[in-house]
Amino acid sequence: MIAPVQHIDTVVLGAGPAGIAASIAAARKGLQVILIEQNAYPGGKATAAEVGTVCGLYRNATTEVSEFLVKGFAKEFAEMLQHQSNSKPLHNTDGLHYLPYNIEVFKNISLALLIENKVSSCFNAVLKNVETENGKITSVTAVVDGNPISIHLKSIIDCSGDSIISRLANLPLIESENYQAAAQVFTMQGIDEENEARLGMILMKALRNAIDDGELESFYDRVYIVQGSLKNNTVSFKVGIPLPVNYAPGNLQALRIVANRFVETLSTFLIGHVAAFKNASIQHIAPEVGVRIGRRSM
């Protein structure tokens, strides 16, 4: 258990890929690091929203070979993720190369690296307050598993994806009326198709016909297979949510409600109308809606 008062070199907020990288980079430089994460596990949207693939690791090229564009920790993590996920890079016709991964493997690698590098990780934790002195943040208050702790610090890094530190410190933000559309990932089991490309064509044709015939609303064309996810008769889908992301009160809850209705209607249609899904069922729905862009620090 973490003591109620801490004196530390660096606090990192958010245990998504950026927060994991920042924490471990700081720890490898000999700094004492506390990582604060609201979920019970690391990975951020990569695990909670079950994104399923990593883009940006490789050079854009029409060749079959995926050549790393990144170096350092990003490459180190990607190589571990590929090996332990028993995966390999894929690419599309436009030359975009990306790495499919296993969600639980992502969590496990993240935890192992944090422990190995002696990062003090606080899960189920929320940052509540920021104290400033002469224009510098000097301490923060967090609630970890229901217990308040005060952390005196030398530096702080916001990897929350939502500028939480800037908002608590009343610093200026880059905001929009509406942000990039959210997406929900869910997984179905009992799929009677072994070829992912063919399943994608079957799905696209069935949805297009249903929309044209008025059986489904037009926004049901925002359905995609998570590339590389078709294994052992299970497959994951990403669906675009037809509701603006604006961070107004209740907006995230509304997104979840709309996402669950979308998934229920879509899965019912596929099971009832598409042969490849006649024996299928929902295995699970990702715990969080995937929101790409939040409020950013200016």
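Above this text sits the structure in question.
Residues numbered from 1 in each chain as written. Predicted model: local features only at pLDDT ≥ 70, side-chain atom pairs only at ≥ 80, totals over all residues. Heavy atoms only, no water.

A few words now on the overall build of the protein. For the protein, the count of helices and strands is seven helices and 17 strands. For the protein, the spread of C-alpha atoms along the principal axes amounts to about 65 × 45 × 35 Å. Taken over 298 residues, the protein has a buried fraction of 44%. Just so you have it, the protein exposes about 15800 Å², and 51% of that area is on carbon and sulfur atoms. The protein carries 25 positive and 28 negative side-chain charges, and their two centres are separated by 5 Å. (Helix = DSSP H or I, 4+ residues; strand = E, 2+ residues; numbered from the N terminus. Buried < 20%, exposed > 50% of the residue type's maximum accessible area, 1.4 Å probe, protein only. Areas by Shrake-Rupley, 256 points an atom, 1.4 Å probe, with all protein chains shown as cover. Lys, Arg positive; Asp, Glu negative; His and termini not counted. Charge placed at Lys NZ, Arg CZ, Asp CG, Glu CD.)

Our focus in this paragraph is the packing of helix H6 (residues 196-212) against helix H7 (residues 251-273). To characterise two packed helices, one gives the angle between the axes of the helices and the distance between these axes. Interhelical geometry of H6 versus H7 gives an angle of 105° and a closest axis separation of 12 Å. On the basis of their axis angle, the class for H6 and H7 is roughly perpendicular. Between H6 and H7, the residues in contact are Leu203, Ala206, Leu207 and Ala210 and Leu266, Phe269 and Leu270, respectively. Tallied by class, the residues present in the contact of H6 with H7 amount to seven nonpolar, no polar and no charged. (Axes fitted to C-alpha atoms, helices over the stretch in contact; angles between N-to-C directions. Parallel < 35°, antiparallel > 145°, perpendicular 65-115°, else oblique. Contact = heavy atoms within 4.5 Å. Nonpolar A, V, L, I, M, F, W, Y, C, P; charged D, E, K, R; others polar.)

Looking now at the packing of helix H1 (residues 17-28) against helix H4 (residues 103-116). Packing of H1 against H4 brings their axes to within 10 Å, and their N-to-C directions diverge by 20°. Taken together, the axis directions place H1 and H4 in an arrangement best described as roughly parallel. Here H1 and H4 pass one another in a crossing that is left-handed. Across the interface between the two elements, Pro17, Ile20, Ser23, Ile24 and Arg28 from H1 touch Phe106, Ser110, Leu113 and Leu114 from H4. For the contact of H1 with H4, the class distribution of residues is six nonpolar, two polar and one charged. (Left-handed = near helix turned anticlockwise from the far one by under 90°.)

What follows concerns the sheet that holds strand S15 (residues 234-240). Read from one edge to the other, the open sheet built from four strands follows the order S14-S15-S13-S16, with strand pairing classed as antiparallel. Edge positions in the open sheet fall to strand S14 (223-225) and strand S16 (281-285), since each of these has one partner strand only. Each neighbouring strand pair of the sheet contributes to a mean axis angle of 35°, computed without reference to strand direction. Inspection of the sheet shows strand S13 (residues 183-189) paired to S16 by four bridges, in the antiparallel sense. Looking across to S16, one finds that Met188 is bridged to Ile282. (Pairing = 2+ DSSP bridges.)

This part covers the environment of Arg261. Along the chain, Arg261 falls in helix H7. Residue Arg261 is classed as exposed on the basis of its relative accessible area, which comes to 56%. The spacing of Arg261 and Ile157 is 104 residues in sequence and 37 Å in space, taken between C-alpha atoms.

For the rest of this paragraph, the subject is the pairing of S15. A large share of S15 lies buried, amounting to six of its seven residues. For S13 and S15, the ladder comprises seven bridges, and the chain directions are antiparallel. Across the sheet, the residue bridging to Gln184 is Val239, located in S15. Inspection of the sheet shows S14 paired to S15 by three bridges, in the antiparallel sense. Along S15, the bridge assignment pairs Tyr224 with Lys238.

Looking now at the environment of Ser66. Considering the arrangement of structural elements, one finds Ser66 in the loop between strand S4 (53-55) and helix H3 (72-85). Ignoring any residue separated from it by four or fewer positions in sequence, one finds Ser66 in contact with Tyr58, Pro89 and His97. A polar side-chain atom of Ser66 sits 2.7 Å from a polar atom in the side chain of His97. (Polar contact = N/O pair within 3.5 Å; in protein donor to acceptor, adjacent residues only side chain to side chain.)

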